[in-house]
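Inside the fold
Here are the chains, one letter per residue:
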Amino acid sequence: MSHQTTLGSFTFRPLDPLSDAELVHSWVTHPKAAFWLMQDAKLQDVEREYMAIAAHPHHHALVGLHDGEPAFLMEHYHPAYVELVGLYEPLPGDVGMHFLVAPTDTPVHGFTRAVITAVMEELFTDPATERVVVEPDVDNKAVHALNAAVGFEIAERIAKPEKDAYLSFCTRQQFRTTLGAAAR
């Protein structure tokens, strides 16, 4: 599905673990992707990670395209089976999400916010999705602001093996209400 914004068109395609590995490797090892926790990953590590995701029935990776060009990465997962197992009680319709905007030498004002908005719209195109769940690092202040801008509310601080995180939720209604308020 295509999501049109004032900054252009955002679309999604499945990530191919082999043909996209070099591109994704350059994104996840960039200093601006420190919270992705893959700074020291080798190309083969990225291939292995995304081959495992491709093989997993409850975890999916997509390349986000901006006007047809790869510009961001989005993962969505079922939190009862991936990432948050045992850390909270998932509700029917919960979908976990991660996103990463590709590094650029020519940043565009509002681009990352347009990306997270397109990601949320894409997730909510599935009528079964009732609530999006995220677990960003407590120190990732930039993503906390972006999350709040699309309607996420922090529920609690949780300890994951790799980080302390803020478990946060955004219902379909919270997202729509926040978007409507921002448009006024």
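Summary of the structure given here. (Residues numbered from 1 in each chain as written. Predicted model: local features only at pLDDT ≥ 70, side-chain atom pairs only at ≥ 80, totals over all residues. Heavy atoms only, no water.)

Before going further, it helps to examine the overall build of the protein chain. Across its full length, the protein chain holds 5 helices and 8 strands. Each helix (α) and strand (β) of the protein chain, taken in turn from the N terminus, gives the series β-β-α-α-β-β-β-α-β-α-β-β-α. Scaling as 2.2 N^0.38, a compact globule of 184 residues should have a C-alpha radius of gyration of about 16 Å, and the protein chain matches this with 16 Å. Taking the principal axes of its C-alpha atoms as reference, the protein chain extends roughly 40 × 40 × 30 Å. Considering the protein chain as a whole, with its 184 residues, one finds that 45% of them fall into the buried category. A sequence separation of at least 24 residues applies to 60% of the contacts in the protein chain between residues at least 6 apart. In the form shown here, the protein chain has an accessible surface area of approximately 9600 Å², with 56% of it arising from carbon and sulfur atoms. Taking the average location of the 13 positive side-chain charges in the protein chain and that of its 25 negative ones, the two points are 6 Å from each other. (Helix = DSSP H or I, 4+ residues; strand = E, 2+ residues; numbered from the N terminus. Rg over C-alpha atoms; globule rule 2.2 N^0.38 Å. Buried < 20%, exposed > 50% of the residue type's maximum accessible area, 1.4 Å probe, protein only. Contact = heavy atoms within 4.5 Å. Areas by Shrake-Rupley, 256 points an atom, 1.4 Å probe, with all protein chains shown as cover. Lys, Arg positive; Asp, Glu negative; His and termini not counted. Charge placed at Lys NZ, Arg CZ, Asp CG, Glu CD.)

To continue, consider the pattern of salt bridges. The final tally for this structure, using the stated rule, is 8 salt bridges. The salt bridge partner of arginine 13 is aspartate 20, with a shortest N-O separation of 2.8 Å. Since its relative accessible area comes to 26%, arginine 13 is described here as partly exposed. Notably, a salt bridge pairs lysine 163 with glutamate 135, separated by 3.2 Å at the nearest N-O pair. One end of the pair, lysine 163, is in the loop between strand 7 (153-159) and strand 8 (164-171); the other, glutamate 135, is in the loop between strand 6 (131-134) and helix 4 (141-149), and 28 residues separate them in sequence. Using a relative accessible area of 15% as the deciding quantity, one classes lysine 163 as buried. A residue is classified by how much of its surface remains accessible, and glutamate 135, at 2% relative accessible area, is buried. Through salt bridges with shared partners, a single ionic network connects Glu83, Glu135, Lys160, Glu162 and Lys163. (Salt bridge = Lys/Arg side-chain N within 4 Å of Asp/Glu carboxyl O.)

Those residues of helix 1 (residues 21-28) that fall on the buried side of the exposure criterion are Ala21, Val24, Trp27 and Val28. Down the axis of helix 1, the buried side of the element spans an arc of 125 degrees, and every buried residue falls inside it. Where the residues of helix 1 are buried, they touch helix 2 (43-55), strand 3 (59-66), strand 4 (69-77) and strand 5 (94-101). (Arc of directions from axis to C-beta.)

The next subject is the packing of aromatic side chains. Under the defined criterion, the tally for this structure stands at 5 aromatic pairs. Look at phenylalanine 10 and phenylalanine 72: their rings are 6.0 Å apart centre to centre, the planes differ by 55 degrees, and that puts the pair in the tilted class. A residue pair is termed long-range when its members are at least 10 positions apart, and phenylalanine 10 in strand 2 (residues 8-14) and phenylalanine 72 in strand 4 qualify at 62 residues. Given a relative accessible area of 0%, phenylalanine 10 falls into the buried group. Between tyrosine 88 and phenylalanine 169 the ring centres are 5.5 Å apart and the planes differ by 50 degrees, which places this aromatic pair in the tilted class. Taken as a pair, tyrosine 88 in the loop between strand 4 and strand 5 and phenylalanine 169 in strand 8 lie far apart in primary sequence, 81 residues in all. Within the aromatic cluster, the residues linked to one another by ring pairs are Phe10, Phe12, Phe72 and Phe111. Positioned above the aromatic ring of phenylalanine 169 is the side chain of arginine 131, whose terminal nitrogen or guanidinium carbon lies 3.8 Å from the ring centre. (Phe/Tyr/Trp six-rings, centres within 6.5 Å; stacked < 30°, edge-to-face > 60°. Lys NZ or Arg CZ within 6 Å of the ring centre and 35° of its normal.)

Counting residues in hydrophobic clusters, the biggest one holds 26 residues, and the most contacted among them are Met97, Phe99, Val119, Met120 and Phe152. Counting only elements with at least two residues in this core, the list comes to strand 2, strand 4, strand 5, helix 3 (111-124), strand 6 and helix 4. Here this core takes 9 residues from helix 3, the largest share from any one element. Setting aside chain neighbours within four positions, we find phenylalanine 99 in contact with Trp36, Leu73, Met74, Thr112, Val115, Ile116, Val119, Val143 and Leu146. Grouped together as the second largest cluster of nonpolar side chains are 17 residues, Trp27, Ala41, Val46 and Ile53 included. (Core = buried A, V, L, I, M, F, W, Y, C linked by side-chain atoms within 4.5 Å.)

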